[in-house]
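# Structural overview for review
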Amino acid sequence: MKQKLVIMLFTACMALSCTFALAACSNTPNADNGDDPIITPSGDEQHEHSYTSEATTQPTCTQEGVMTYTCTCGDSYTESIPTIAHNYVDGVCTMCNSPEPQPTEGLEFTLSDDGTEYAVTGYNGTETEVTITPTYKGIPVTSIEDYAFAVCQSLKSITISNSITNIGDEAFSGCSSLASIALPDSVKRIGYEAFEGTAYYHNESNWENDVLYIDNYLIRARSSISGEYVINPGTTTIADAAFEKCWYLSSITIPNSVTSIGRAVSFNCNLSNFTVADGNPVYHCAGNCIIETDSKTLIAGCKNSIIPTDGSVTSIGDYAFGFCLNLTSITIPDSITSIGEGAFSFCRLTRITIPNSTIYIGNYAFEGCNFTSITIPDSVTSIGSYAFQHCGMLQIVKIGSGVTSIGVWTFYGCGRLREVHISDIAAWCNIHFGGHYANPLTYAHDLYLNGQLVTELAIPDSVTSIGSCAFVGYSSLRSITIPDSVTSIGNLAFSDCSRLTSITIPDSVTSIGKGAFSGCNSLQSIKLPFVGESIKSETDTYQYPFGYIFGDFSYTGGTRTEQYYYGSTTDKITHVFYYIPSSLKEVTITGGNILRGAFQNCSKLTSITLPESVTSIGEWAFYDCSNLTSITIPDSVTSIGDSAFKGCSSLTNIVIPDSVTIIGDSAFAFCSNLTSITIPDSVTSIGKWAFADCSSLSSVTFENMEGWTVKGEPIDVTDHAQNAVYFTDTYRLNVWTRSE
C-alpha cells in the first residue's frame, strides 16, 4: 500500500507541474482483504473514502442478501448479508413455504418462561440416531439441558443443530453407544461431564496427551496429566471443570483462539500459574489469574494468584479458586463487588477480609475454609446458601447492617461458633433467613450488639416485622420486649430460646408464624393477641390451634400434643402433633376467637384467660385440659360448643355468664372435680351428656326454673341436688330445653 501511495503522489506531482488537477479516489477496499478506507490524494489534498451502506438486495431464508457501500466519489463495493431464519407457522415457513424440519420422535422440549426459545430436556424414544432441529413449533431450540440424554445407552449418534448454544451438565453421560459426536460452532458452553461415559469418551484414540477434544472443544483432562500443558491452537471452548482433579498439572497455557472458558475450569487442582496468549479477544492473565476482560471477572485462580488491585477485576467467578487446597491466604481488593458460587470453597484459608465494596457473596463461596472469624461488611446485601457451611474452625461472625438475605444452610456444620456480632437490631429483624441453619445463632447462642452481650432484648419501635428464624437458637436470651409497631412474627422466630420464661405479644401483631416459639422449654407464661396463626372466624380455613406457634418438631421439654382443627376446608377435620412446652402453665389471650380444638389436649396448662372479644367457645376447645384449674368465660360468650370443656378434670368451679344461651353436647363431661354449677337464666338449651361423668357434681342451680323440658316433658328443677343426679345419671343422654 505504501508503494502504491508513493506512485500516486508522484503522479500528482507530475499533474501539478502540467497545471492539471487530479481529483479522483482509488483503491476501493473490499470485504475480503479487510483493508481500511484508503486515503488518496486529490489535488493538493488527500481524500479519504467515506462510504454509506444500503441493502440493495434483502436476504431471505433461502438466499443471501447484498449490502452495497458507496463512496462520495462514486466508488463502491459489496458484501453479502447472511440468510435470515425461517419463520415457521403451523409447520410451514411463511416466506419460502418449506416445511419445518421435524426432530426425532421422543425428544422432550421445555419452553422458556418468556416463550422465546426451547430447550431439550429429555429423550424417551427408541431411535438410535437422533436429530435436534434448529426449531420446534417455529421457535428456536437453543439448549440441551442437564441430564437430557443421560444413560441413553442405545443412542449411537446425535445431530446437533447450529442453533444450540448450551450443552448442560452430564447431558450425554452414560450414553455408552455414542461413538461419534460433532459439535456446531454455535455451542458456547459445555457443562460438567457432559460426555462422560460415552463410547467417544472411552475411545483412547480420541485422547491426545491425556486430554479429550471434540473438534475445537476441550472436553476433559485426565487426572494423570502432569507438568505444563499448552491447549491446542484453534480451540474455542473449554468445558466446565475440564481440568478438575489434575493435581500433577503445574501450568496451563491458553491460546488466543479460546473465547469461552467454563466455570470451575481448574477445580481441585494444584496449579502454579496460568498463561493467556497475547491478543486473546476475551481473556487476559494477570497475577496468575485468568480474567474475562470486558466483564472484569476473575474466572480461574491458583495457589500463586494475586488478585490485581488496578480495578481490572470487579467480581470473582464461580469456583474460581474452588478446592485450591494450597491456597492459605489471599487479599481481595476493594474493587470486588461480587464473590461467586464456590469461589473459595474448601480452600485452606486461615484468614480472609471481605472488602467494603462487596455486595454479594454467592452460594458455597467459603464452604469448608479454615478461618476462625469472618466480618461481613455493611456493603453486603446478600449471602448465598451454604456460603460458610462446614467452616469448622469458625468461632466469631460479624454481620453488617446492610445484609437483607442469608440463604439456606449457610452456617451448617459451624459447630465451634460462639459469638454473633451485629450493630443494628432493626436491620437484623429484617433479614430474610433461609432457615434455622442460615442463622449463625443456631450454633453461637450469644448475640452481641455493638460489642455487648445481649440477654434482655428490646426490639426498636422502628421494627414492623420480626423475620423468620431471626433469633433461632438464641439461648442466652432471658427476656424480650416487642413494641406495638410490630405486626408480624415469622416462622421459628424465637425457636430454641431456651431461657425465656415469659413472652408478651402486643395486640398490634396480626400474624405469628409456625413454630415461632418452638423449643422454648423454660416458658411458663405467654400473652397472645389470638390463638394460632392469626385471627380467624368459624368460616375461615386453616383455623390453626394453640400448638401451631410451638411447631411440630420434637424437642427436649416439649409435650407431644395432638390437636384437631379445620385445615384447607371446613368440611373435614385435620390433626397435627404439636410440641408444647411442658413448663408452660399460664396463657392469656387478648383478642380473636376460640375456635374448634383451640386448646385441645393442652394437658399441662393450669390457667387460661380469655378476651371479651370472644362470642363463642368452639367445639372441643379445651378438651382434655386436665390440669386446668382456672378459666373465666367472658360475658361476651353466647354459646359453649360440644365437648368444649370435656375432660377438664381439675376444674372445681366454673362460672357460666348470663350471656350464654346454648351449652353443647358433652360440654363439661368428665369434669370429675366439678362440684357445683349455676345455669344462668339466659340459657335455653343444654346438650346431651353436658355434665356426664362429673362424678363430684352435687349441686346444679337454675337461675330461671321455669319452662324446662326433657324428652318433651316438663321437669322440676327446684332441687339443686336432684338436678345434679339428673345431669349425671337420669337424663344425661337427653337434651334440655327451655321455652321463653
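Not measured: the values here are computed from a predicted model.

Rules of the game
Residues numbered from 1 in each chain as written. Predicted model: local features only at pLDDT ≥ 70, side-chain atom pairs only at ≥ 80, totals over all residues. Heavy atoms only, no water. Helix = DSSP H or I, 4+ residues; strand = E, 2+ residues; numbered from the N terminus. Rg over C-alpha atoms; globule rule 2.2 N^0.38 Å. Buried < 20%, exposed > 50% of the residue type's maximum accessible area, 1.4 Å probe, protein only. Contact = heavy atoms within 4.5 Å. Areas by Shrake-Rupley, 256 points an atom, 1.4 Å probe, with all protein chains shown as cover. Lys, Arg positive; Asp, Glu negative; His and termini not counted. Charge placed at Lys NZ, Arg CZ, Asp CG, Glu CD. Polar contact = N/O pair within 3.5 Å; in protein donor to acceptor, adjacent residues only side chain to side chain. Pairing = 2+ DSSP bridges. Core = buried A, V, L, I, M, F, W, Y, C linked by side-chain atoms within 4.5 Å. Phe/Tyr/Trp six-rings, centres within 6.5 Å; stacked < 30°, edge-to-face > 60°. Lys NZ or Arg CZ within 6 Å of the ring centre and 35° of its normal. Arc of directions from axis to C-beta. Salt bridge = Lys/Arg side-chain N within 4 Å of Asp/Glu carboxyl O. Patch = residues over 30% accessible without salt bridge, like charges linked within 9 Å, V, L, I, M, F, W, Y side chains within 5 Å. pLDDT = per-residue confidence, 0-100.

### Observations concerning the overall build of the chain
- Of regular secondary structure, the chain possesses five helices and 59 strands.
- Relative to a compact globule of 740 residues, whose C-alpha radius of gyration would be 27 Å, the chain shows 39 Å and is clearly more extended.
- Principal axes of the C-alpha set define a box for the chain whose edges measure 145 × 65 × 65 Å.
- Across the 740 residues of the chain, 48% fall into the buried class.
- Long-range contacts, defined here as pairs at least 24 residues apart, represent 35% of the contacts in the chain between residues at least 6 apart.
- If you sum the accessible surface of the chain, you get close to 32400 Å²; carbon and sulfur atoms cover 47% of it.
- Put simply, the chain has 32 plus and 73 minus side-chain charges, and the middle of one group is 11 Å from the middle of the other.

### Digging into the side chain of serine 518
- Along the chain, the position of serine 518 falls in the loop between strand S44 (511-512) and strand S45 (525-528).
- Looking at serine 518, its side chain comes within polar contact range of the main-chain oxygen of phenylalanine 550, at 3.5 Å.
- Discounting chain neighbours no more than four positions away, the residues touching serine 518 are Leu492, Phe494, Ser495, Asp496, Ile549, Phe550, Phe553 and Tyr555.

### As for the sheet that holds strand S15 (residues 180-181)
- On the basis of which strands lie adjacent, the open sheet formed by three strands has the order S10-S13-S15 and parallel pairing. If you trace the sheet from one side to the other, it starts and ends with strand S10 (129-132) and S15, each paired once.
- The sheet contact formed by strand S13 (residues 157-160) and S15 spans two bridges and is parallel. What sits directly across from isoleucine 158, in S15, is isoleucine 181.

### Brief notes about the nonpolar core
- Core analysis: the biggest nonpolar cluster contains 145 residues, and Phe344, Ile466, Phe471, Phe546, Phe599, Phe622 and Phe645 have the highest contact counts within it.
- The residues touching isoleucine 466, leaving out its near neighbours within four places in the chain, are Cys429, Ile459, Phe471, Ile482, Val486, Ser488, Ile489, Gly490, Ala493 and Phe494.
- Counting 36 residues, the second-largest nonpolar core is a separate cluster that includes Leu107, Phe109, Ile181 and Leu212.

### Focus on the packing of aromatic side chains
- Counting across every chain of the model gives 46 aromatic pairs.
- Aromatic side chains tyrosine 51 and tyrosine 77 sit 5.2 Å apart centroid to centroid with 85° between the ring planes, which places their arrangement in the edge-to-face category. On the criterion of sequence distance, the pair formed by tyrosine 51 in strand S3 (residues 51-57) and tyrosine 77 in strand S5 (residues 76-81) is long-range, its members being 26 residues apart. Side by side, tyrosine 51 and tyrosine 77 carry an identical accessibility label, which is buried.
- Of note, arginine 560 hangs over the ring of phenylalanine 577, and the distance from its end group to the ring centre comes to 3.6 Å.

### Some remarks on helix H5 (residues 720-730)
- Every buried residue of H5 is listed here: Asn723, Ala724, Tyr726 and Phe727. Taken around the axis of H5, the buried residues stretch over an arc of 155°, which confines them to a single face.
- In this fold, the buried residues of H5 make contact with strand S55 (685-686), strand S56 (699-702) and strand S59 (736-738).
- Near the N-terminus of H5, the side chain that reaches the backbone nitrogen of alanine 721, with its oxygen 3.0 Å away, is that of aspartate 719.

### Points about unusual backbone geometry
- Even without a glycine there, the phi angle at alanine 264 is positive, about 55°.
- Turning to its location among the elements, alanine 264 is positioned in the loop between strand S23 (260-261) and strand S24 (273-276).
- Looking at alanine 264, the relative accessible area reads 8%, which means it is buried.
- Positive phi, normally seen in glycine, also occurs at aspartate 693, with a value near 60°.
- The residue aspartate 693 is located in the loop between S55 and S56 in this model.
- Given the relative accessible area of 32%, aspartate 693 is considered partly exposed.

### Structural notes on the environment of cysteine 175
- Tracing the backbone shows cysteine 175 in the loop between strand S14 (166-167) and S15.
- Judged by its relative accessible area of 0%, cysteine 175 is buried.
- With 26 residues separating them along the chain, cysteine 175 and phenylalanine 149 place their C-alpha atoms 7.3 Å apart.
- For cysteine 175, the contacting residues outside a window of four places in its chain are Phe149, Val151, Cys152, Leu155, Gly197, Thr198 and Ala199.

### Focus on the pattern of salt bridges
- Here the structure, examined in full by the defined rule, presents nine salt bridges.
- One salt bridge in this structure joins aspartate 240 and arginine 189, with 2.7 Å as the shortest N-O distance. Separated by 51 residues along the polypeptide, aspartate 240 in the loop between strand S21 (237-238) and strand S22 (249-254) and arginine 189 in strand S16 (residues 189-190) bring together distant segments of the chain.
- For arginine 189, a relative accessible area of 27% corresponds to the partly exposed category.
- Across the pair glutamate 204 and arginine 222 runs a salt bridge whose closest N-O atoms are separated by 2.7 Å. Highlighted residues: glutamate 204 in the loop between helix H2 (199-202) and strand S17 (207-208) and arginine 222 in the loop between strand S19 (217-221) and strand S20 (227-230), separated in sequence by 18 residues.
- The class of glutamate 204 is exposed, set by a relative accessible area of 51%.
- In the salt-bridge network here, residues are joined through shared partners; they are Asp169, Arg189 and Asp240.

### Here we look at the sheet that holds strand S40 (residues 465-466)
- Pairing within the open sheet is parallel, and its three strands lie in the order S40-S42-S44. Of all strands in the sheet, those with a lone pairing partner are S40 and S44, marking the two edges.
- Note: S40 against strand S42 (residues 488-489), two bridges, orientation parallel. Residue serine 465 lies in a different strand from S42, and its bridge partner there is serine 488.

### A closer look at a negative patch on the surface
- Residues Glu612, Asp635, Asp658, Asp681 and Glu703 make up a contiguous surface patch of negative charge.
- Position of aspartate 635 relative to the elements: it lies in the loop between strand S51 (630-632) and strand S52 (639-640).
- On the basis of relative accessibility, which here comes to 53%, the residue aspartate 635 falls in the exposed class.

### Remarks on the pairing of S19
- Most of S19 sits inside the fold, with five of its five residues counted as buried.
- Of the pairings in the sheet, the one linking strand S18 (residues 211-214) to S19 comprises four bridges and is antiparallel in character. Paired with leucine 212 across the bridge in S19 is arginine 220.
- With antiparallel pairing between neighbouring strands as the criterion, S18 and S19 make up a hairpin whose turn holds two residues, including aspartate 215 at a positive phi of roughly 55°.
- Pairing of S19 with S21, which is carried by two bridges, proceeds in the parallel orientation. Within the sheet, the bridge partner assigned to leucine 218 lies in S21 and is isoleucine 238.

### Let's talk about the confidence of the model for the chain
- Across the chain, the average pLDDT comes to 93, with 94% of residues at 70 or higher.
- Overall, residues 1-38 carries pLDDT values under 50, and its contacts beyond four positions in sequence, including any with other chains, amount to 45 contacts.

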